[in-house]
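# Coordinates in review
In case you want the letters, here they are:
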Amino acid sequence: MDAVQYKCPNCNAELKFDPDTQRLNCEYCMSSFSVEEVQQICQEAENSIPDQEEENNKEEFEEQTALYHCSSCGAEIMAEANQTATFCYYCHNPVILSGKMGGEYKPDKVIGFKITKEEALIKFKNWVAKRWFVPKEFKSGQQIEKMTGLYVPFWTADCKLKADYQGIGKKVRSWTSGNYRYTETKEFSVRRSADITVGGIPADGESKIDDALMEAIEPFDYSEMKPFSMSYLSGFFADKYDVDKQAVFPRIKTRATSAGKSVINSSISGYSSVSAREENYNILKTDWTYAMLPVWFMTYKYKNKIYEFAINGQTGRLAGTPPLDKGKLRLVSLAVGLAVTAVAFLVGGGKI
Amino acid sequence: MRSRKIISSLIAVLLSLMALPVICLSAFAADDTNYAAGYDGNTEDCIVFDAKDILTDDQEEKLNELIKEYSENLEIYIFVYLSDTNLSDDETKYYADDMYEDVFGEDTDGVLYYMDLSEAYDGAYDWISTSGKCVLNYADDIDTIFANLDYYLPSTGETIYPDKIFDAVEAFLGYLDQYSDYSKKTFGYEHVEETGKYVYYKNGELYVTNQKPPILLLELFIIALIIGLVVALIFYLVVKSRYKFKNPYGSSNYVVRDQTKFIEKSDTFIRTYQTRTKIESSSGGSRGGGGHHGGGSHGGGGHHR
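What comes next is a walk through the structure.

What counts and how
Residues numbered from 1 in each chain as written. Chains lettered and ligands numbered in written order. Predicted model: local features only at pLDDT ≥ 70, side-chain atom pairs only at ≥ 80, totals over all residues. Heavy atoms only, no water. Salt bridge = Lys/Arg side-chain N within 4 Å of Asp/Glu carboxyl O. Helix = DSSP H or I, 4+ residues; strand = E, 2+ residues; numbered from the N terminus. Buried < 20%, exposed > 50% of the residue type's maximum accessible area, 1.4 Å probe, protein only. Pairing = 2+ DSSP bridges. Contact = heavy atoms within 4.5 Å. Buried area = accessible area lost by both parts, 1.4 Å probe. Polar contact = N/O pair within 3.5 Å; in protein donor to acceptor, adjacent residues only side chain to side chain. Nonpolar A, V, L, I, M, F, W, Y, C, P; charged D, E, K, R; others polar. Axes fitted to C-alpha atoms, helices over the stretch in contact; angles between N-to-C directions. Parallel < 35°, antiparallel > 145°, perpendicular 65-115°, else oblique. Left-handed = near helix turned anticlockwise from the far one by under 90°. Phe/Tyr/Trp six-rings, centres within 6.5 Å; stacked < 30°, edge-to-face > 60°. Patch = residues over 30% accessible without salt bridge, like charges linked within 9 Å, V, L, I, M, F, W, Y side chains within 5 Å. Areas by Shrake-Rupley, 256 points an atom, 1.4 Å probe, with all protein chains shown as cover. Lys, Arg positive; Asp, Glu negative; His and termini not counted. Charge placed at Lys NZ, Arg CZ, Asp CG, Glu CD. Core = buried A, V, L, I, M, F, W, Y, C linked by side-chain atoms within 4.5 Å.

Close approach of charged atoms allows side chains with opposite charge to pair. Residues and elements named next belong to chain A. Enumeration according to the criterion identifies 18 salt bridges over all chains in this entry. Glutamate 27 is the salt-bridge partner of lysine 16, the closest N and O atoms lying 3.8 Å from each other. Of this pair, lysine 16 sits in strand 1 (residues 15–18) while glutamate 27 sits in the loop between strand 2 (23–26) and strand 3 (32–33); the two residues are 11 residues apart in sequence, bridging distant segments of the chain. We classify glutamate 27 as exposed; its relative accessible area is 53%.

Have a look at this one:
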């Protein structure tokens, strides 16, 4: 399979997408092009996403092999089944496997990286610095450098829900008179019915990525979403989805229902307690968008356990569970306890 | 290598724990003078003083003999004062404590029984003042002694009979013997708030001193240790929770507010009902405390008749 690379029209070096400027830059002759300009200049590359007929013809072959030819050095490299953008292991130039993005795998939208690798590293270092009990090997420069920019395939769903709610609300009032305590309870029938729209609920379409990790780096600013262009992928890794929209729908449904419940619950107020008798949240319609969203990834292995971290490549929001040096924490906790014991003993002794 | 680190850390923690009470104890190295003056066996002043002049000479003589006998047996000074003067409750306490010290000195082992026979309209108020080892021995029995003496003594407004007073004093001496509790020798202590002193036994010897008893220090240390351990545990759990996943972005943030509309929004009144519960009232008792103007430390208690 041929891979696609975006070449500088001036010096023929590889163009890379720069999150800072949102443009494709040539590191050799310092030329800079907007995505639209590259789309015009590199029409052949842009149009290299095969149509459905070509895709059908090549489908069987591509499913059996994952080889690509690097157009810079001619190397033949194996790629993972879902990878759509990567780097040549020999000449380290970015390559885009456009053949894998045909048909149903062609993304609708993309949000380009806005956080550079350096900025991501700074955010990560600051985040780690606040955690005193991470192992010191974790903070080493060598470990932190293993950070990868990846376009993660996401499904975003716009849902229309019909919410119906019936419950009993109680208002309770108490007072004392003489030797008795009186309690008055008023009961109300609470009914709500609403048409609710939730927009842009994301669910990552990659099975090997932790769903909770991706939820933790939300939200993405969809106002910066652009029509998909492969030029955004240059210089980063990218994967196509292996979890289709039917498979992610249960997650979407759960989150949409939760959103609907919050709308209903926020409309009920003034009661001491409310109990629901019947509530239904039906999704009437779902509009899907397949988008490539930017994420910086880092993994760390500590005591045979893998720790994953992710930084939203657009907003910089960070998520992950750092390793915890439990021995150090236990010692510090004990020291704190002993100090409190001493103070409590001295203070208590002074009062008696 | 790792196990050596763990062992050395454990040893460091254990040494700190062992050093802690020593360090803290040294902070409590208060004045350790023992003010206990004991009992020298001189029963000359162990008498009943009948200021009311209600007893006959015979009765008075008999009671004096009894008092001396009990004094020798129990090895404590005993003084019974039959008062004809109306005093307030506080004045009664101070009077009894001061009188004891005037007769027997500060912090000696003894008891003074102040019996109010003034027939005042606002009620009789008796007082038992204890000193030395009696502070400790009779600390929990004063109320019981008074309750038993009520059998003999008249209530306010009733006629006072000399025979009854005689019987009351005789019974009082018997209760002193009955309730002389020496089991407190090991762990018991009393704290006299007015003077700030503690009364307790250490190595079989009575102490009336500013220094806290060992058992109290141990109690303090255990309580402080529990507080410290709880704080350590809370610290550990709070820090550990920071190393877990943060809450994800709320789904409610994806609601498109201007495309959301309510078709029905009603709150309809159904009914109202009322319940009531009776409030249980409780009454508590009261107990007197000790205090006087002298330098000795006293215990004891008072009783209204």
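Moving on, we get to the sheet that holds strand 2 of chain A. All names here are of chain A. Across the sheet, which stays open at both edges, the three strands sit in the order 1-2-3 with antiparallel pairing between neighbours. Edge strands, defined here as strands with exactly one partner in the open sheet, are strand 1 and strand 3. Examined bridge by bridge, strand 2 and strand 3 share two bridges and lie antiparallel to one another. In the strand pairing of strand 3, leucine 24 is matched with phenylalanine 33.

Time to look at the interface of chain A and chain B. On the chain B side, the residues contacting the 78 residues of chain A number 61 residues. The junction of chain A with chain B conceals about 6,100 Å² of combined surface from both sides, 64% of it contributed by carbon and sulfur atoms. Of the charged contacts in the structure, one is a salt bridge between glutamate 264 of chain B and arginine 191 of chain A, with a shortest N-O distance of 3.4 Å. Along the contact surface separating chain A from chain B lie 26 residue pairs in polar contact (both at pLDDT 80 or more). Those elements giving two or more residues to the side of chain A that touches chain B turn out to be strand 9 (147–177), strand 10 (180–204), helix 6 (211–216), helix 7 (245–266) and helix 8 (326–351) of chain A. Looking at which element gives the most residues to the side of chain A that touches chain B, the answer is strand 10 of chain A, with 23 residues. Among the residues making up the side of chain A that touches chain B, the classes are represented as 38 nonpolar, 21 polar and 19 charged.

A few words now on the packing of helix 5 (residues 142–149) of chain B against helix 6 (residues 162–178) of chain B. All names here are of chain B. Where helix 5 meets helix 6, the closest approach of the two axes is 10 Å, and the angle between their N-to-C directions is 150°. Comparing the axis directions of helix 5 and helix 6 gives the class roughly antiparallel. Where helix 5 crosses over helix 6, the two elements pack in a sense that is right-handed. The segment helix 5 lies against helix 6, with Ile145, Asn148 and Leu149 engaging Ala168, Ala171, Phe172 and Tyr175.

Geometrically, a pair of aromatic rings is defined through the distance of the ring centres and the angle of the planes. Residues and elements named next belong to chain A. Evaluation of the coordinates by the stated rule reveals 36 aromatic pairs over all chains. Here phenylalanine 113 and tryptophan 296 contribute two aromatic rings whose centre-to-centre distance is 5.1 Å and whose plane-to-plane angle is 65°, an arrangement assigned as edge-to-face. Residue phenylalanine 113 is located in the loop between strand 8 (109–110) and helix 4 (117–129), and its partner tryptophan 296 is located in strand 13 (residues 273–302); the two are separated by 183 residues in the primary sequence. Classification of phenylalanine 113 by relative accessible area gives buried; the value is 0%. Given the relative accessible area of 6%, tryptophan 296 is considered buried. Between tyrosine 151 and phenylalanine 236, the aromatic rings sit 5.8 Å apart at their centres with planes inclined by 90°, giving edge-to-face as the arrangement. Residue tyrosine 151 is located in strand 9, and its partner phenylalanine 236 is located in the loop between strand 11 (226–227) and strand 12 (237–239); the two are separated by 85 residues in the primary sequence.

All names here are of chain B. Burial runs high along strand 7 (residues 205–209): four of the five residues are buried. By the bridge criterion, five bridges tie strand 6 (residues 197–202) to strand 7 in an arrangement that is antiparallel. Bridge pairing links tyrosine 201 to leucine 206 in strand 7.

Attention now moves to a positive patch on the surface. Among the surface-exposed residues, Lys303, Lys305, Lys326 and Arg330 of chain A together with Lys244 of chain B lie close enough to one another that they form a single positively charged patch. Within the element layout of this structure, lysine 303 of chain A appears in the loop between strand 13 and strand 14 (305–312). Given the relative accessible area of 59%, lysine 303 of chain A is considered exposed.

Attention now moves to unusual backbone geometry. Following glutamate 218 of chain A, the chain continues into proline 219 of chain A via a peptide bond in cis, with omega recorded as 5°. Mapped onto the elements, proline 219 of chain A comes out in the loop between helix 6 and strand 11. Backbone geometry places aspartate 53 of chain B, a non-glycine residue, at a positive phi of 55°. Within the element layout of this structure, aspartate 53 of chain B appears in the loop between strand 1 (48–50) and helix 2 (57–74). You will see that glutamate 75 of chain B, though not glycine, has its phi angle at about 55°, which is positive. Looking at the element boundaries, glutamate 75 of chain B is found in the loop between helix 2 and strand 2 (77–83).

On to the side chain of glutamate 215 of chain A. Mapped onto the secondary structure, glutamate 215 of chain A falls in helix 6. Although glutamate 215 of chain A is buried, it forms no salt bridge, and the closest oppositely charged side chain is arginine 255 of chain A at an N-O distance of 4.1 Å. Those residues in contact with glutamate 215 of chain A that lie beyond four places of it in its chain are Arg251 and Arg255 of chain A together with Pro248 and Tyr249 of chain B.

With that settled, consider the nonpolar core. One broad trend across soluble globular proteins is that nonpolar side chains are buried collectively. Of all hydrophobic cores here, the largest spans 72 residues; its most connected members are Phe124, Tyr151 and Val198 of chain A. Counting residues per element, this core draws most heavily on strand 9 of chain A, at eight residues. Of all hydrophobic cores here, the second largest spans 47 residues; its members include Phe104, Leu149, Ile165 and Phe166 of chain B.

Looking now at the environment of threonine 108 of chain B. All names here are of chain B. Tracing the chain through its elements places threonine 108 in the loop between helix 3 (89–104) and strand 3 (110–116). With relative accessibility at 6%, the residue threonine 108 sits in the buried group. Measuring from C-alpha to C-alpha, the distance between threonine 108 and tyrosine 39 comes to 6.1 Å, with 69 residues separating the pair along the chain. When neighbours within four sequence positions are excluded, threonine 108 is seen to be in contact with Ala37, Gly38, Tyr77, Tyr100, Ser131 and Gly132. Within the structure, the side chain of threonine 108 is placed 3.5 Å from the backbone oxygen of glycine 105, a separation counted as a polar contact.

This part is about the sheet that holds strand 7 of chain B. Residue and element names in this part refer to chain B. Spatially, the three strands line up as an open sheet ordered 5-6-7, and their pairing is antiparallel. In this open sheet, the two edge strands, each paired with only one partner strand, are strand 5 (189–192) and strand 7. Here the strands of the sheet are splayed against their neighbours by 15° on average, with no regard to which way each runs. Inspection of the sheet shows strand 5 paired to strand 6 by four bridges, in the antiparallel sense. What sits directly across from tyrosine 189, in strand 6, is tyrosine 200.

Another aspect to go through is a negative patch on the surface. Residue and element names in this part refer to chain B. A contiguous patch of negative charge on the surface is contributed by Asp53, Asp57, Asp58, Glu61, Glu65, Glu69 and Glu72. You can see aspartate 57 is positioned in helix 2. Judged by relative accessible area, which is 66%, aspartate 57 ranks as exposed.

This part takes up the packing of helix 2 of chain B against helix 6 of chain B. All names here are of chain B. Direction vectors running N to C along helix 2 and helix 6 enclose 5°, while the axes themselves pass 10 Å from each other. In terms of axis orientation, helix 2 runs roughly parallel to helix 6. Along the contact surface, helix 2 presents Gln59, Lys62, Leu63, Leu66, Ile67, Tyr70 and Leu74, while helix 6 presents Pro162, Asp163, Phe166, Val169, Glu170, Leu173, Gly174, Leu176 and Asp177. Per-class residue counts for the contact of helix 2 with helix 6 are 10 nonpolar, two polar and four charged.

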